[in-house]
Amino acid sequence: QVQLVESGGGLVQAGGSLRLSCAASGSIFSINAMSWYRQAPGNQRELVATISSLGATNYAGSVKGRFTISRDNAKNTMNLQMNSLKPEDTAVYYCRATVISTTLSTNLYWGRGTQVTVSS
């Protein structure tokens, strides 16, 4: 079994910064793409940023230039550095990963989320 655990959320004023982390653990052989999603109340879950196993990144237009996604393949971790935060960034942020297990099966996993609240 594989678990994803997010951390680093909290309350911050507009213009401030937060750094989210996602740690994967369990029966992991390797991890392909890792992503951050977010969901605000009343809204659908949306993709924020993705990073491939080789480090290629992609961002939603609303966060491009403000957020930076990174990963450490040796530690099975992923980070999201969020700068110049806006109230509209307020949401629960989720980690998602495509994991190849030690039995060589491939599955998609989600974390439980971490709350980010940006006050105006």
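Residues numbered from 1 in each chain as written. Predicted model: local features only at pLDDT ≥ 70, side-chain atom pairs only at ≥ 80, totals over all residues. Heavy atoms only, no water.

Enquirer: Which residues make up the sheet that holds strand S7 (residues 67-72), and what values go with them?
Expert: Judged by pairing direction, the sheet is antiparallel, and its four strands sit side by side in the order S1-S3-S8-S7 without closing on themselves. The open sheet has two edge strands, strand S1 (2-7) and S7, and neither has a second partner. Each adjacent strand pair in this sheet contributes to an overall mean axis angle of 15°, direction not counted. Relative to strand S3 (residues 18-26), S1 runs antiparallel, the two sharing six bridges. Counterpart to Leu 4 in the pairing with S3 is Ala 24. (Pairing = 2+ DSSP bridges. Helix = DSSP H or I, 4+ residues; strand = E, 2+ residues; numbered from the N terminus. Axes fitted to C-alpha atoms, helices over the stretch in contact; angles between N-to-C directions.)

Enquirer: Describe the nonpolar core, naming the residues involved and giving the relevant values.
Expert: Residues Trp 36, Leu 80, Met 82 and Tyr 93 are the most contacted members of the largest nonpolar core, which totals 30 residues. Of all the secondary-structure elements, those providing two or more residues to this core are S1, S3, strand S4 (28-39), strand S5 (46-51), S7, strand S8 (77-82), strand S9 (91-101) and strand S11 (114-119). (Core = buried A, V, L, I, M, F, W, Y, C linked by side-chain atoms within 4.5 Å. Buried < 20%, exposed > 50% of the residue type's maximum accessible area, 1.4 Å probe, protein only.)

Enquirer: Got a sec to walk through the pattern of salt bridges? Specific residues and values, please.
Expert: Counted by the stated rule, this structure contains three salt bridges. Here Glu 46 ties to Arg 38 by a salt bridge, and the two come within 2.7 Å at their closest N and O atoms. Two residues, Arg 38 and Asp 89, come together in a salt bridge whose shortest N-O distance is 2.9 Å. Pair noted here: Arg 38 is in strand S4 and Asp 89 is in the loop between S8 and S9, with a separation of 51 residues, a long-range link. (Salt bridge = Lys/Arg side-chain N within 4 Å of Asp/Glu carboxyl O.)

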